[in-house]
Amino acid sequence: MSAMDGLAGVREKRSSRRSGPNGMDRRAYGFLLLAVLLSFWELSSRAGWIVSAYWPPVSHIFAAAIAQLAGGEILLALASTLRRAAIGYIAASVAGIVLGIVLARNRVLRYGLLPLIEIVRPMPTPAVIPPLILFLGVDDALKIFIVALASFFPIFSNTFTGVAAIDDTLIQTARTFRTSTVRLLARVVFPATLPAIAAGLRTATSLCLVVAVLSEMIAGSSGIGYYLVETQYAMRPDLMYAAVLYLAATGYALNRIFLALEARMVPWMGRS
Amino acid sequence: MRKALVWLGLAMMGLVALPAAPAPAADLEKVRISIIPIGDVAPLFAAVQNGYFREVGLEIDTTPSAGGAAGIPGLVGGSFDIAYGNVVSALLAAQQGLDVKVIAAGTNVTDPKLDATGIFAKSDSGIKSGKDLEGKSIAVNTRNNVIWLYARAWVKATGGDPERVTFKEVPFPQMEDALRQSRVDAAFMVPPFSIVAAQKGGLSKVGMPYSDVQPGVDVGQYITTGKLLAARPDTVKKFVAALRKGIEWYNANLTNEALLTLISGYTKADVALLKLAPVPTAPVRSDISQIRKTMQLMIESKLLPAPLDLDKIVDPLAR
């Protein structure tokens with residue numbers, strides 16, 4: 001899955017940063033490309049190559065981004081989106097990890113639950129929002145549920161396959177010492193699966209933010225998703241793009257935080 | 001660098017923990033309303049701002065939903081007590097067996113001079129009527145809704161066959177771009193987008209579906225459920241009375257700068273932008289004969305299989 005690709009990418013990035021003096025130069029190239037694209041945007045808008053109310057010059061967007069900070073509204077919107085994303089993410093993490101381990105180790109439960117999970121998994125999240133409004137309303141319950149639903153699958157499947165891939169010697173060794181099942185799961189299976197779990201959690205980290213924003217765009221009245229739709233209908237594309245900018249920065253920051261935590265808490269990552 | 005980012009993250013989590021609840025008002029009955037943040041609901045906000053709801057003991061809690069998509073499902077699911085929505089959605093909901101009741105009028109189109117909606121086409125496209133659009137495409141915000149219905153009716157009224165026109169879903173904010181880039185041949189636009197599009201040149205208004213097809217059409221209404229109406233009849237009565245005061249204030253202040261500031265407040269649109277569009281009057285009562293005409297159009301477009309009992313759907317309160 002993409003989780004694994006992403007993980008490979010991280011390792012490559014980490015090692016490239018450590019590797020030698022060229023790393024800094026390569027980063028500078030990246031920023032250069034960004035700067036060229038942005039000036040191209042600015043030019044296309046100012047010179048009238050693209051005539052649209054939804055193509056403001058980049059400089060207007062940056063100005064709007066600074067003005068937004070002063071108003072504080074954008075931070076409140078961001079906070080309510082992050083709050084929903086966080087609650088849904090935590091719920092999905094607990095459910096995904098527990099079910100992943102239990103289902104991988106217990107055949108009866110696996111046969112009972114796996115078909116249901118496999119059927120729900122491919123459903124596109126936006127498609128289930130309208131019927132869910134009927135049961136969960138349009139407020140937090142709906143959005144948190146959707147975030148949890150979307151975040152659950154990468155966490156669950158990574159955990160599930162992670163458990164299945166554990167070296168049997170580990171388990172047999174523990175068995176030899178007559179370790180109880182609970183202890184076996186907590187002290188052997190869980191730590192051995194942690195790298196796989198971390199991969200799933202990381203995929204879910206970016207996903208939970210995306211889905212939280214998406215759910216706010218369809219229903220409700222707060223959060224960044226709603227703000228994006230609202231400013232679009234108010235013909236304020238500068239505010240809209242500025243909000244997108246904050247969203248991108250948030251996603252980036254979340255990813256960095258995750259990597260920092262991962263390095264600290266799963267030091268044997270990639271070494272199992 | 002990494003440490004700084006961790007701190008940034010922790011600071012964000014701190015923000016997450018901020019309490020979001022505003023202080024509750026004492027002794028007021030709360031009424032939850034789903035709205036669309038457009039000019040249509042200005043009388044409601046006028047009534048809130050002028051304290052008309054407070055006077056009758058109600059506290060209005062509005063939940064905007066940009067497309068209005070959450071309105072009726074949220075109403076039926078119990079998230080809202082009242083929803084502002086268009087006539088077609090209400091009749092479709094009734095057709096599906098949902099217990100919806102129209103309790104107050106919202107918007108209608110009586111004066112063509114104040115009708116800023118319209119079908120737009122590129123000025124050099126030669127499109128003038130529905131006949132010219134056969135084999136071509138019209139942008140509507142959603143299929144099977146009020147915009148789609150009246151775009152079809154307009155095509156028919158101007159000599160075209162709606163079945164031979166392709167209706168493409170394009171959100172209102174993107175219609176002008178779609179039209180200029182020739183992704184569609186025409187678009188049914190509403191203010192402020194129609195006003196801004198017309199100003200820049202290159203596009204022409206070729207028709208006004210509401211005014212051309214059905215002058216006086218009741219476009220929007222406030223809707224509740226029969227269950228809520230039976231359980232809290234006094235609340236609904238108070239709501240309608242206070243809303244009517246809001247409508248009266250609105251109609252008396254159509255050219256008042258204060259009204260535009262009010263609209264700007266809940267739509268985030270600039271007052272300068274709002275000044276470009278004429279502000280239409282708002283109806284005090286729903287016109288059941290107009291709703292009946294809309295129902296006929298819906299039957300012709302196969303949105304409804306048979307007439308509905310409008311006397312049951314439009315509550316006497318609204319009339």
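Every value quoted in this text rests on a predicted model; they were computed, and no experiment measured them.

A. Up close: the overall build of chain A. Within chain A, the regular secondary structure consists of 11 helices and zero strands. Starting at the N terminus and ending at the C terminus, chain A contains elements arranged as α-α-α-α-α-α-α-α-α-α-α. When contacts within chain A are restricted to residue pairs at least 6 apart in sequence, those whose partners lie at least 24 apart make up 76%.

B. The arrangement of the overall build of chain B in detail. Helices and strands together make up the secondary structure of chain B, namely 15 helices and 10 strands. A compact globule built from 319 residues would reach a C-alpha radius of gyration of about 20 Å, and chain B, at 21 Å, matches this within 12%. Taken along its principal axes, the extent of the C-alpha atoms in chain B is 65 × 60 × 40 Å. Among the 319 residues that make up chain B, the fraction classed as buried is 49%. Intrachain contacts of chain B at a sequence separation of at least 6 include 80% that bridge at least 24 residues.

C. Broad picture of the domain arrangement of chain B. All names here are of chain B. Per the domain assignment, the segments of chain B are domain 1 (2-110 + 217-318) and domain 2 (112-213). For domain 1 versus domain 2, the distance between C-alpha centres works out to 26 Å. Every contact between the two is made by 19 residues of domain 1 and, on the other side, 14 residues of domain 2. Secondary-structure elements contributing two or more residues to the side of domain 1 that touches domain 2 are helix 5 (87-95), strand 10 (217-225), helix 13 (271-275) and helix 14 (288-300). With three residues, helix 5 is the largest single contributor of residues to the side of domain 1 that touches domain 2. Residue composition of the side of domain 1 that touches domain 2, by class: 15 nonpolar, four polar and no charged.

D. How the structure looks around the sheet that holds strand 6 (residues 137-140) of chain B. All names here are of chain B. With mixed pairing, five strands are arranged side by side in an open sheet as 7-6-8-5-9. With partners counted over all chains shown, the strands left at the sheet margins are strand 7 (166-169) and strand 9 (203-207), one partner each. For this sheet the average axis-to-axis angle between neighbouring strands, irrespective of direction, equals 35°. The sheet contact formed by strand 5 (residues 118-122) and strand 8 (residues 186-189) spans four bridges and is antiparallel.

E. A look at the environment of K101 of chain B. Residues and elements named next belong to chain B. Along the chain, K101 falls in strand 4 (residues 100-109). For K101, a count of 24 C-beta atoms within 10 Å puts it in the buried group. Considered as a pair, K101 and L317 are 216 residues apart in the sequence and their alpha carbons are 9.9 Å apart. With sequence-adjacent residues up to four places away left out, K101 is seen in contact with I223, T224, T225, G226, L229, I313 and D315.

F. Seen up close, the sheet that holds strand 4 of chain B. All names here are of chain B. What the five strands build is an open sheet, ordered 2-1-3-10-4; its pairing is mixed. A single partner strand is all that each edge strand has here, and the edge strands are strand 2 (58-64) and strand 4. Taking the axes of each pair of neighbouring strands and ignoring which way they run, one obtains an average angle of 25° across the sheet. Summarising the sheet, strand 1 (residues 29-35) and strand 3 (residues 82-86) pair through two bridges and their orientation is parallel. Bridge pairing links I33 to I82 in strand 3.

G. Structural view of unusual backbone geometry. A cis amide bond, omega 5°, links P191 of chain B with the succeeding residue P192 of chain B. Here P192 of chain B is to be found in the loop between strand 8 and helix 8 (193-199). One non-glycine residue, M235 of chain A, adopts positive backbone phi at about 60°. Mapped onto the elements of the fold, M235 of chain A is located in the loop between helix 10 (223-233) and helix 11 (237-265).

H. How the structure looks around the nonpolar core. Formed by 164 residues in total, the largest nonpolar core has its most connected members in V147 of chain A together with F120, I138, A151, A186 and A187 of chain B. For this core, the leading source of residues is helix 9 (residues 181-218) of chain A, giving 16 residues. Beyond its immediate sequence surroundings of up to four residues, A187 of chain B is in contact with F120, I138, A139, V170, M175, A178 and L179 of chain B.

I. Local environment of helix 7 (residues 172-180) of chain B. Turning to helix 7 of chain B, its buried residues are F172, P173, M175, E176 and L179 of chain B. The buried side chains of helix 7 of chain B occupy one side of the element, clustering within an arc of 165° when seen end-on. Each element contacted by the buried residues of helix 7 of chain B is listed here: helix 10 of chain A together with strand 5, strand 6, strand 8, helix 8 and strand 9 of chain B. Of the residues one or two after helix 7 of chain B, S182 of chain B is the one with positive phi, at around 60°.

J. Region of the structure containing the pairing of strand 10 of chain B. All names here are of chain B. Burial analysis of strand 10 places nine of its nine residues in the buried class, the great majority of the element. Here eight bridges tie strand 4 to strand 10, and the two strands are oriented antiparallel to one another. Counterpart to A105 in the pairing with strand 10 is Q221.

K. Representation of the packing of helix 6 (residues 125-136) of chain A against helix 9 of chain A. All names here are of chain A. The contact between helix 6 and helix 9 brings their axes to 11 Å, and the two run at 45°. By the criterion of interaxial angle, the relationship of helix 6 to helix 9 is oblique. The handedness of the crossing between helix 6 and helix 9 comes out as right-handed. Between helix 6 and helix 9, the contacting residues are T125, P126 and I129 on the first element and V211, L214, S215 and I218 on the second. Class assignment for the residues of the contact of helix 6 with helix 9 results in five nonpolar, two polar and no charged.

L. View of the pairing of strand 8 of chain B. All names here are of chain B. In strand 8, alternate side chains face the same way, and those of A186 and F188 on one face and A187 and M189 on the other are all buried. The pairing of strand 6 with strand 8 spans two bridges and is classified as parallel. Bridging across to strand 8, A139 finds its partner in A187.

M. Molecular detail of the confidence of the model for chain B. Confidence in the prediction of chain B, expressed as mean pLDDT, is 87, and 90% of residues score 70 or more. Both scores are available for the predicted complex, with the pTM at 0.79 and the ipTM at 0.73.

N. Looking closely at the environment of K156 of chain B. Residues and elements named next belong to chain B. Assignment of secondary structure puts K156 in helix 6 (residues 146-157). A residue is classified by how many C-beta atoms lie within 10 Å of it, and K156, with 18 of them, is partly exposed. Taking the C-alpha atoms as reference points, K156 and G130, 26 residues apart in sequence, are found 6.5 Å from one another.

O. Summary view of the confidence of the model for chain A. Looking at chain A, pLDDT values average 85 and 90% of them are 70 or higher. The model gives residues 1-20 of chain A a pLDDT under 50, and that stretch makes 16 contacts with residues more than four places away or in other chains.

P. Region of the structure containing helix 11 (residues 233-252) of chain B. Residue and element names in this part refer to chain B. With 20 residues, helix 11 extends 29 Å from end C-alpha to end C-alpha; this agrees with the ideal 28 Å at 1.5 Å per step. Those residues of helix 11 lying buried are T235, V236, F239, A242, L243, G246, I247 and Y250. The buried side chains of helix 11 occupy one side of the element, clustering within an arc of 155° when seen end-on. Structural note: helix 11 exposes P233, D234 and A252 on the side pointing more than 90 degrees away from its buried face.

Calculation criteria
Residues numbered from 1 in each chain as written. Chains lettered and ligands numbered in written order. Predicted model: local features only at pLDDT ≥ 70, side-chain atom pairs only at ≥ 80, totals over all residues. Helix = DSSP H or I, 4+ residues; strand = E, 2+ residues; numbered from the N terminus. Contact = placed C-beta atoms within 7 Å. Rg over C-alpha atoms; globule rule 2.2 N^0.38 Å. Buried ≥ 20, exposed ≤ 12 C-beta atoms within 10 Å, placed from the backbone. Domains from an automatic or database assignment. Nonpolar A, V, L, I, M, F, W, Y, C, P; charged D, E, K, R; others polar. Pairing = 2+ DSSP bridges. Axes fitted to C-alpha atoms, helices over the stretch in contact; angles between N-to-C directions. Core = buried A, V, L, I, M, F, W, Y, C linked by C-beta atoms within 7 Å. Arc of directions from axis to C-beta. Parallel < 35°, antiparallel > 145°, perpendicular 65-115°, else oblique. Left-handed = near helix turned anticlockwise from the far one by under 90°. pLDDT = per-residue confidence, 0-100. Expected span 1.5 Å × (residues − 1).

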